[in-house]
Each structure stands twice: as structure tokens, then as C-alpha cells.
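In case you want the letters, here they are:
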Amino acid sequence: MFDNLLYQNASSLLREDILTNRLPGAILLSGPSSSGKLTCALEIARILSCSGENQYRQRGHWLCECPSCKKNKELSNTNVLLAGPRDCSLEILAAKKAFLQASFDNASFLQATRYLFIRSVRKLTLRFSQVLWEGDDKLSKLAPVVASIDEQMEKLNPEKSLPDSDKLEKICDDIVKNCDKLSSSFMYDSLPINQIRRASTWAHMKSVSGKKIFIIENAERMLESVRNALLKILEEPPEDMVFILTTSNRGAVMPTILSRVRTYNFRERSAIQQKEVVQRVFHARGSEENLLISDYLQLFLPVKPAEIKKSSSAYFSYLMSGQIPLSDVIVKECASFEPRFLLKIFLVGIMEEAKKGGLSPVRNEVCSRITEFCREAYNSVSVFNVSPVAAIERLSRDLSSVKRLWAESGGAQ
């Protein structure tokens, strides 16, 4: 059990609770980003649905080939729902690189990288299950994108032979292109309340085989109305149902929800451990072997974070000097802020620029307003689907309104 969860003591506690049938119907996996929480949640789902009918005579054995375990390894088990905001793009690109390189080399770990890529893609597409989106106005638009991804993914089925290198690369490129479209057009920054309600209906339907699992990532980012809707389900959880929440900020999770879940804590892996994760999971080579997880994934950004910070610094300086930068030029320099992580870097860069030069009362007031403007800009893109160009235009007007105060606080010096 939990052979794919590296360097986390929580796996031992979970294993013990599962083997002794003491795992509650609602749990919270809490810890820093890139610590394996989602990997753990998906592994719990596999173990709980395992039939135990394998040569090892052990439920949830890592090498189990029962039909349920096969489906869970491919993340195609219909008894598992996954929701919550997440930027999957960098992991997908990293997994694609590992898969194609292993295929080109005919490496001994080729099958492992095939699963790595398949799972990285389905960590995204599972969030667009018809169960969660039924009746939503966006379903008619996103469904064809998901269907296209699924059609291409079938060509990578672990039980089929892989196509030749050129065809395989094109299949992976098409999948990544559609994943980018799905993520940029339909991914939310906060879980919609209707998805909790639909999941509740699904949860109360009797399962014909094994337990149902509902995984919610980044639970701390749920709005109050969504938290309350989830709380109603947790107060009277359905039978044969397990809720798995993850968070990187346990203190931001509603206390009444915390009182109804058992927390398993994840820790920050050491630098050496993170480097081993990069090597074992993504089969990194050369100098890339010595990168931390976050640094390795950032290699797949279309623009380096340092360049984004440079653009945000220049943008803010121009605005505070009375000039209005062209929004479309800014967005183009920053690769249209795809993935959305780039927009976060850009906006954080602005807030850092505003804080330079001391923290007088006036400067604090200005910084507070600038932070709010940046937050509104991010939400307008990620929540309300406003175009990045329109969001930057609005941000420019907002920031210009505090130019005088910023200068009075010593910002122009």
C-alpha cells in the first residue's frame, strides 16, 4: 500500500486505519503543496475499492491487477469523483516529456511513464465529469473537448501497443492542446456550489461495487456557501461513501468541517527527498536531477518566472510614472498568462514592487489597495472568465488611481 507516496509518515497511519477498518467516512489530508496529498487521496480510492482477489491475497496490494485496481490506476473508475481548483498544466507537460523520452529510448520504465501521463491528464478531466456539470450552461461547450481528449487517450490504453514515435508525439501534443483549452476556458478558482449539490445526489445513489470516493482539492478555497453545502453532507454521510479533502492551509478550513473529518498531516519533504521524487517520478536527467519539485515543474512554463517578474516591474514603473502600457503587449510578453500560474507571478511581482522603499502608514494604505486591485484582476480572469487583456486594462486604470498617493508615500524616489 502507498508505494507511490514517498517520504510521508501519513501513509503508515492511513495503512493501519484501513487494515483495521478504522478509516472514517471523511478525512482531511493537510500539508504543503507538492507533498503528495492528491497522490495519496487517489491511492486511498484504489485501496478501498480493491476486491482483494489477487495472487498476493492482500487488499490494495501495489501490484494488484483486479479490474477495480486497473481502473483506478488509469483514473477511470466511475466510483471516484474529483473536484476543486488545480493547475494541472505543468505536471501534464512534465509527464509528457518523461513518457515520450522513455518511448524513444524504449526504457524499462516506459509503462510507468505511460501511466504517469495518463494520470496527469485525468487529474484534469475528472474535474469535468458529467456528474458534476450536468445542467450547467458550460457543459455543451466543454463536453466535446473532454470527448476529444478521451478519444486520444484511448490510443494510449496500457493494454494496447503504442504507436510509432511520430504518431505518439502527435497524439500527446493533441491531448496537451485540448487540456490547455479545457483548463484555460473552464477551470474555476473556487468550487461551484452546484457541483457540491450534484455530488450529494450522486453520493446517495447506491454503489453496485465497492465504496464511492469524493475528493475535493484545496478545500480552504471554498466559498462560505459551498462550505455550508458540504457540511450538510458531512453531518449525515451516506453509507459506503468516503470524503477526502486536501488543503495546504488547515487553518483556513471551516472549524465545523474540521470537527467532522480526521486530519492526516503531510510534511515538507527535504531537498534531498524532493530531488529523489523528481528522479523517480519524472526520470529527470543531467542537471534537472538536482531540482526541487516546484523548480522542476517550472521548467515547463512558456516564460521563465524571472522574465514575468521583470515585465511586472516595468509595467508598474511605467504606470507610476504616468505612462499607460499597452495591455495586449504585456499579455503577449507573458504568453497570454497560460497557464494561469503566470498571472499569479505577474500580480505578485506588482505587489512586491509596491512594497519597496519602506512601510509608512500611507505606503501601507497604498499597498493594501494595490493588493486588492491585483486580487480583483486575478478573480476576473480565473472566476469570471474575463480575457487577460481586459483584466490588465482594468488593472491599469485601478493602479493609476493611486499613483498620487504612491508618490506621496515616497514611491517616486
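Predicted, not measured: the structure shown is a model, and the values here were computed from it. (Residues numbered from 1 in each chain as written. Predicted model: local features only at pLDDT ≥ 70, side-chain atom pairs only at ≥ 80, totals over all residues. Heavy atoms only, no water.)

Caption draft 1: Here's a closer look at the sheet that holds strand β4 (residues 241-247). Pairing is parallel across the open sheet formed by five strands, whose spatial order is β2-β3-β4-β1-β5. With one partner strand each, in any of the chains shown, β2 (80-83) and β5 (262-265) form the two edges of the open sheet. Recorded for the sheet is a direction-independent mean angle of 20 degrees between the axes of neighbouring strands. With four bridges connecting them, strand β1 (residues 26-30) and β5 associate as parallel partners. Residue pairing in the sheet places L29 in a bridge with Y264 of β5. Packed on one face of the sheet, helix α1 (residues 10-19) meets β1 and β5 and runs near 140 degrees to β5. (Pairing = 2+ DSSP bridges. Helix = DSSP H or I, 4+ residues; strand = E, 2+ residues; numbered from the N terminus. Axes fitted to C-alpha atoms, helices over the stretch in contact; angles between N-to-C directions. Contact = heavy atoms within 4.5 Å.)

Caption draft 2: Representation of the packing of aromatic side chains in the model. Evaluation of the coordinates by the stated rule reveals nine aromatic pairs. Pairing F282 with Y296 gives two aromatic rings, centres 5.5 Å apart and planes at 35 degrees, and the pair type is tilted. Taken together, the residues span a long stretch of sequence, with F282 in helix α12 (residues 271-282) and Y296 in helix α13 (residues 293-298) at a distance of 14 residues. Here Y296 falls in the buried class, since its relative accessible area comes to 1%. Of the aromatic side chains, those joined through ring pairs into one cluster are F128, W133 and Y188. Cation over ring: K73 sits above W62, and NZ or CZ is 5.9 Å from the ring centre. (Phe/Tyr/Trp six-rings, centres within 6.5 Å; stacked < 30°, edge-to-face > 60°. Buried < 20%, exposed > 50% of the residue type's maximum accessible area, 1.4 Å probe, protein only. Lys NZ or Arg CZ within 6 Å of the ring centre and 35° of its normal.)

Caption draft 3: A look at helix α10 (residues 224-235). Compared with the 16 Å implied by 1.5 Å per residue over 12 residues, the 16 Å span of α10 between its first and last C-alpha is a close match. Every buried residue of α10 is listed here: V226, R227, A229, L230, L231, I233 and L234. Buried residues along α10 sit in contact with β1, α9 (193-203), β3 (212-216), β4 and α11 (255-258). (Expected span 1.5 Å × (residues − 1).)

Caption draft 4: The pattern of salt bridges, seen in detail. All chains considered together, the criterion is met by 25 salt bridges. Two residues, R375 and E372, come together in a salt bridge whose shortest N-O distance is 2.8 Å. Placement of the pair is R375 and E372 together in helix α17 (residues 361-382), with a separation of three residues, close to one helical turn. Residue E372 is classed as partly exposed on the basis of its relative accessible area, which comes to 35%. Connected via shared salt-bridge partners are R86, E91, K123, R127 and E217. (Salt bridge = Lys/Arg side-chain N within 4 Å of Asp/Glu carboxyl O.)

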